[in-house]
Amino acid sequence: MNKLLELNDVHIAYENTEVVKGVTYDLQAGEIGCLLGPSGCGKTTLLRAIAGFEPIRAGSIDLKQSTVSRPGKILAPEQRHIGMVFQDFALFPHLNVADNIGFGIADRPGKERRKRIESLLRLVELPDAGSLFPHQLSGGQQQRIALARALAPEPSLLLMDEPFSSMDVDLRESLAREVREILKREGTTALLVTHDQHEAFAMADRIAVMQTGLIQQWDTAFNLYHTPANRFVAGFIGQGALLPVVRDNRGRLISELGPIPVVGTEVSKTGNMEILLRPDDVVRQPDGVTTQVIGKAFRGADILYRLRLQSGTEILYITHGRDNFPLGETLSVGLDLDHTVLFPVAESV
Ligand code: ADP
């Protein structure tokens, strides 16, 4: 395995407050990773430690099999060969696009530098933009140039901190996908920090979901959504509802929507449990359970409904945009599961 970045039980504190509490994580060469989590969970702190701006209290950070941070030792940022792209992507306004891109490779011979700039302009699909100034470009184009600037010195690792947060929400996902393609073409290993799951999904190969200084799960987007490791991940990634489940005297699991087929997971858990239901786990079924429509969100191609069961528990149901039911309508539904995600019910406090 060719690990480019390796974090081993990293702890980071400000004064006496520990904000990263033992993170173990790695990236393979060429992989795009992501730290995803709510504001304040320690993502930026961890990124700054990888860049060499923040010392660590315990553990180690290795780049290309060489330790760059451990307690009492910190290799300077400029010696790590790391590229960085931050929130506002600011280009130098008084330099044209070619000089912006060439900024970090000023020490290279003129011809080599010009060739690198040209190839980066082609890579970000703005081959003729070299002589333009930043204000002549759209936000998305400026962002691609800033990316080209960060890639110019061929960094071993590219770090990106909320790179799209100043962009229109509608644009973010497509930009994230574009940046992914550029990084893949260039073969760059990159680590993205974001609180936006759509950005993470569009960009990363694997995503580490963080909460209060710890990685809760580190997986593909598909697995985070379908098999979240715990309630936090289930609630943070995607939408869903939790439905109480009891075991009958024959050991079967029964919910208000009927028996739960146990698929894709072994159920050794005892005690009270809840099953995670994603909107696409619920289907209309003529002989199903009666529910009432209490909320709907029309989203064009599909509609997301909130349904209330007899007990008052609410579930979500998604269907295509032509299935238009009014609030108050009753719908008969059942389950269509291809995996079962169960969580023990938290002890009351
Ligand atoms: P995130 O990037 O996930 O939003 P941060 O890494 O910025 O989280 O912050 C993690 C925690 O550390 C927060 O509680 C934040 O208030 C605190 N923190 C961040 N920077 C500093 C600092 N320079 N001094 C003291 N506390 C800080």
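Overview of the structure. Keep in mind that what you see is a predicted model, and the values were worked out from it rather than measured. (Residues numbered from 1 in each chain as written. Predicted model: local features only at pLDDT ≥ 70, side-chain atom pairs only at ≥ 80, totals over all residues. Heavy atoms only, no water.)

Right, let's get into the pattern of salt bridges. Applying the stated criterion to the full structure yields 19 salt bridges. Two residues, Arg231 and Glu274, come together in a salt bridge whose shortest N-O distance is 2.9 Å. Placement of Arg231 in helix H8 (residues 231-236) and of Glu274 in strand S15 (residues 273-277) is noted, with a sequence separation of 43 residues between them. (Salt bridge = Lys/Arg side-chain N within 4 Å of Asp/Glu carboxyl O. Helix = DSSP H or I, 4+ residues; strand = E, 2+ residues; numbered from the N terminus.)

Before going further, it helps to examine the sheet that holds strand S10 (residues 206-211). What the 6 strands build is an open sheet, ordered S7-S8-S9-S3-S10-S11; its pairing is mixed. The two strands at the open ends of the sheet, each matched to only one other strand, are strand S7 (82-85) and strand S11 (214-219). Averaged over all adjacent pairs, the angle separating strand axes in this sheet is 20°, with direction ignored. Sheet topology note: the strand S8 (residues 157-161)/strand S9 (residues 189-194) ladder contains 5 bridges and is parallel. Counterpart to Leu159 in the pairing with S9 is Leu191. In this fold helix H1 (residues 43-51) packs onto strand S3 (32-36), S7, S8, S9 and S10, with an angle of close to 150° to the strand it touches most, S8. (Pairing = 2+ DSSP bridges. Axes fitted to C-alpha atoms, helices over the stretch in contact; angles between N-to-C directions. Contact = heavy atoms within 4.5 Å.)

Right, let's talk about the site of the ligand for a bit. The environment of the ligand is made up of Tyr14, Val19, Pro38, Ser39, Gly40, Cys41, Gly42, Lys43, Thr44 and Thr45. Within the backbone of Gly40, one N or O atom sits 2.7 Å away from an oxygen atom of the ligand. Separating an oxygen atom of the ligand from a side-chain N or O atom of Thr44 is a distance of 2.7 Å. Protein chains shield 54% of the accessible area of the ligand, which is 570 Å² for the free molecule. Counted by class, the shell around the ligand contains 4 nonpolar, 5 polar and 1 charged residues. (Near = heavy atom within 4 Å. Polar contact = N/O pair within 3.5 Å; in protein donor to acceptor, adjacent residues only side chain to side chain. Areas by Shrake-Rupley, 256 points an atom, 1.4 Å probe, with all protein chains shown as cover. Nonpolar A, V, L, I, M, F, W, Y, C, P; charged D, E, K, R; others polar.)

This part is about the layout of surface pockets. The computed volume of the largest pocket comes to approximately 420 Å³. Looking at the largest pocket, it is lined by 20 residues, and the ones nearest its centre are Ile82, Gly83, Met84, Arg149 and Ala150. Of all the secondary structure elements, the ones that give two or more residues to the lining of the largest pocket are S7 and helix H4 (139-151). Tallied by class, the residues present in the lining of the largest pocket amount to 14 nonpolar, 3 polar and 3 charged. (1 Å grid on protein atoms, 1.4 Å probe; cavity = no way out; pocket = protein on both sides within 12 Å on 5 of 7 lines; lining within 4 Å. Points joined across faces, edges and corners; volume = space filled by probe spheres on them.)

Quick look at unusual backbone geometry now. Negative phi is the rule for most residues except glycine; trans is the rule for most peptide bonds. Phi at Gln65 is positive, roughly 60°, even though this residue is not glycine. Structurally, Gln65 can be placed in the loop between strand S4 (58-63) and strand S5 (66-70). Taking relative accessible area as the criterion, Gln65 reaches 55% and is therefore assigned exposed. The residue Thr212 is not glycine, and still its phi comes out positive at about 35°. Looking at the secondary structure, you find Thr212 in the loop between S10 and S11. We classify Thr212 as partly exposed; its relative accessible area is 48%. (Buried < 20%, exposed > 50% of the residue type's maximum accessible area, 1.4 Å probe, protein only.)

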